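# Observations on the three-dimensional arrangement
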Amino acid sequence: MKHLFIYSIFISLIFALAACGGETPEQPQEEAVDDGVRTIEIIGNDDMKFVVREAAEGLVTGGASGQHLLLEAIEASPGEEIRIRLTTVSNLPPAAMSHNLALVELGTDLDAFARASITARDNDYIAPEFEDRVIVTTRMLGNGETDTITFNAPEEPGEYDYVCTFPGHFAGGMVGKLIVQ
Ligand SMILES: [Cu+2]
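Everything in this summary refers to the structure shown in the same document. (Residues numbered from 1 in each chain as written. Predicted model: local features only at pLDDT ≥ 70, side-chain atom pairs only at ≥ 80, totals over all residues. Heavy atoms only, no water.)

Here we take up the nonpolar core. Soluble globular proteins tend to pack their nonpolar side chains together in the buried interior. Of all hydrophobic cores here, the largest spans 27 residues; its most connected members are I42, F50, I74, I84 and L178. Only strand 1 (38-44), strand 2 (50-52), strand 4 (68-76), strand 5 (81-88), strand 8 (146-152), strand 9 (158-163) and strand 10 (175-180) provide two or more residues apiece to this core. A116, I126, V134 and V163 belong to the second largest nonpolar core, which has 10 residues in total. (Core = buried A, V, L, I, M, F, W, Y, C linked by side-chain atoms within 4.5 Å. Buried < 20%, exposed > 50% of the residue type's maximum accessible area, 1.4 Å probe, protein only. Helix = DSSP H or I, 4+ residues; strand = E, 2+ residues; numbered from the N terminus.)

Taking burial as the measure, the 6 residues of strand 9 include 5 buried ones, the bulk of the element. One ladder, built from 2 bridges, connects strand 6 (residues 102-104) with strand 9; its direction is antiparallel. By the bridge assignment for strand 9, A102 is matched with V163. Examined bridge by bridge, strand 9 and strand 10 share 6 bridges and lie antiparallel to one another. (Pairing = 2+ DSSP bridges.)

This next bit is on the packing of aromatic side chains. Within this structure, the stated rule accounts for 3 aromatic pairs. A centroid spacing of 5.4 Å and a plane angle of 70° characterise the contact between F50 and Y162, whose relative ring orientation is edge-to-face. A residue pair is termed long-range when its members are at least 10 positions apart, and F50 in strand 2 and Y162 in strand 9 qualify at 112 residues. For F50, a relative accessible area of 1% gives the class buried. Since its relative accessible area comes to 1%, Y162 is described here as buried. Here the aromatic rings of Y125 and F166 are separated by 5.3 Å at their centres, their planes lie at 65°, and the arrangement is edge-to-face. Pair noted here: Y125 is in the loop between helix 2 (110-117) and strand 7 (134-137) and F166 is in the loop between strand 9 and strand 10, with a separation of 41 residues, a long-range link. Both residues of the pair, Y125 and F166, belong to the buried class. (Phe/Tyr/Trp six-rings, centres within 6.5 Å; stacked < 30°, edge-to-face > 60°.)

What follows concerns the coordination of the copper ion. All of the protein donors around the copper ion are H99 (ND1), C164 (SG), H169 (ND1) and M174 (SD); their distances to the metal are 2.1 to 2.6 Å. Seen from the copper ion, its 4 donor atoms lie at angles of 82 to 135°, and the figure they make is irregular. (Donors = N, O, S within 2.8 Å, 3.2 Å for Na, K, Ca; no water. Tetrahedral: all angles 85-135°; square planar, octahedral: opposite > 155°, others 65-115°.)

Function cannot be read off these values alone, since they describe shape.
Listed below in structure tokens is the structure:
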């Protein structure tokens, strides 16, 4: 009888814990601010690609990736104010699949940057020695997380690379270009 009692307490504890865990707090959805700043919604997916829901002017899209379109490049005019909202959509835990979007200066060795960043977990996977090459970056985002960055495109025309620095993702093709012209 005593065992049954302890057993039932145990079971209710399990249920209580499960209820806690299942109750994911609602992500505060940022209000879409209509301040005239061009906003680009980008998704990082489990194929290790930057994708968008639909084609739009100023976006260079490729074929399908999952249910979305591969984003290959963003076109901007010099100094244009741009807002990027990156969201990770994944079936995997953040330790296995997270994404960021780091825009770097012209002439940055992307391979070296990505390689060095693999061991920079404590710095959100941005290698400290490359920080001065990073124009702007989002946070590293796990499934369901979103980060918004608002910045001005560089004044100097050129093709600026952006990359996800989560280990293996540069090699997986998680890159794109900001074409300033
Ligand atoms: Cu990634």
